[in-house]
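Remarks on the overall topology
What follows is the residue order along each chain.
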Amino acid sequence: MSAIDLPPGMGLRGTALAMFRAPLNARWLARVSLIAVVVLGGITWAFVSRHPYHRHASAQVVLPVAFFMFSALGFIVRSARLEITRDGVRWGWTSLNFSQTAAHWKCAHVWSDGITLERKRGGTWFLGGRDWDRFEALVRQLRRTELPFEDHPTKAPLRARMQSYGKFLDGMLVGSIVASLGVMLWAA
């Protein structure tokens, strides 16, 4: 048995102060979308296999794959977690995550509907309040890190809110379900 001494922050993940997930409704929608698109795509392929030389058969085979990719992307994004640690922020999953230490951030702008993390070398990362459950707790935990903060009583500017994937991603998932149903009916 051996022991290895590592300086703090070198090689080992720190303990998270708090962990946040997408809201339950958004995770549920991502799962339902993925299942529905797979089932509807399978039914579509079954219809196409009966008449494989129909002039629209190639589109009817390829479109379910595209809708599956949209739904899979939504499922992957909605299953990611946001962890606040003393030294920064981590986004991702258990085996694959992306970390940004507090040393990389210039300032955190807290808006009524989100948080904009501003990098020292330029660029921002917007954490939309709609994208994460317990948004007030997210703000409180982020204040425990070593970042300077600026509070703004208004909503975030449009260019920051466009980085949020909430409404667009949910619309893409619903659109994938509807479009998969349409392609299945077209193939029938």
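Everything below is about the structure printed above this text.
Given the structure is predicted, the values throughout are model-derived calculations rather than measurements. (Residues numbered from 1 in each chain as written. Predicted model: local features only at pLDDT ≥ 70, side-chain atom pairs only at ≥ 80, totals over all residues. Heavy atoms only, no water.)

Notes on the pattern of salt bridges
Using the following cut-off: Any Lys or Arg side-chain nitrogen found within 4 Å of a carboxyl oxygen on Asp or Glu counts as a salt bridge. Numbering goes from the N terminus for both helices and strands, where a helix is a DSSP run of H or I of at least four residues and a strand is a run of E of at least two. Under the scheme applied here, a residue whose accessible area is under 20% of the maximum for its type counts as buried, over 50% as exposed, and between as partly exposed, the area being computed with a 1.4 Å probe on protein chains only.
Taken as a whole and judged by the stated rule, the model has six salt bridges. A salt bridge links R78 to D170; its shortest N-O distance comes to 3.0 Å. Within this pair, whereas R78 is found in helix α2 (residues 57-79), its partner D170 is found in helix α5 (residues 166-187), the two being separated by 92 residues in sequence. Each member of the pair, R78 as well as D170, carries the same accessibility label: buried.

Some points on the sheet that holds strand β6 (residues 114-119)
In a beta sheet, neighbouring strands pair by backbone hydrogen bonds and run either parallel or antiparallel. The criterion, for reference: Strand pairing follows a simple DSSP-based rule, namely that at least 2 bridges must link the two strands. Helix axes are fitted only over the stretch in contact, all axes being lines through C-alpha atoms; the angle between N-to-C directions runs from 0 to 180 degrees. The contact definition used throughout considers only heavy atoms, calling two residues in contact when any of these lie within 4.5 Å.
Read from one edge of the open sheet, four strands run β7-β6-β5-β8, paired in mixed fashion. Strand pairing shows two members of the sheet lacking a second neighbour, β7 (124-128) and β8 (149-151), which therefore form its edges. Direction aside, neighbouring strands of the sheet carry axes that sit 20 degrees apart on average. Of the pairings in the sheet, the one linking β6 to β7 comprises five bridges and is antiparallel in character. For G114, the partnering residue across the bridge sits in β7 and is G128. Contacts between helix α3 (residues 135-143) and the sheet are confined to β5 (105-110), β6, β7 and β8, with β6 contributing the most and set at about 30 degrees to the helix.

Looking at the packing of aromatic side chains
Convention followed: What counts as a ring pair is set by centres within 6.5 Å for rings of Phe, Tyr and Trp (its six-membered ring), and what kind of pair is set by the plane angle: stacked under 30 degrees, edge-to-face over 60, tilted for all other angles.
Here the structure, examined in full by the defined rule, presents three aromatic pairs. Ring centres of W91 and F98 lie 6.2 Å apart, and the angle between their planes is 25 degrees; on these two criteria the pair is classed as stacked. Judged by relative accessible area, which is 18%, W91 ranks as buried. For the pair W105 and W125, a centre-to-centre distance of 6.1 Å together with 25 degrees between the ring planes defines the contact as stacked. With a gap of 20 residues between them, W105 in strand β5 and W125 in strand β7 connect regions that are remote in the sequence. An aromatic cluster is present here, built from W91, W93 and F98 joined pairwise through their rings.

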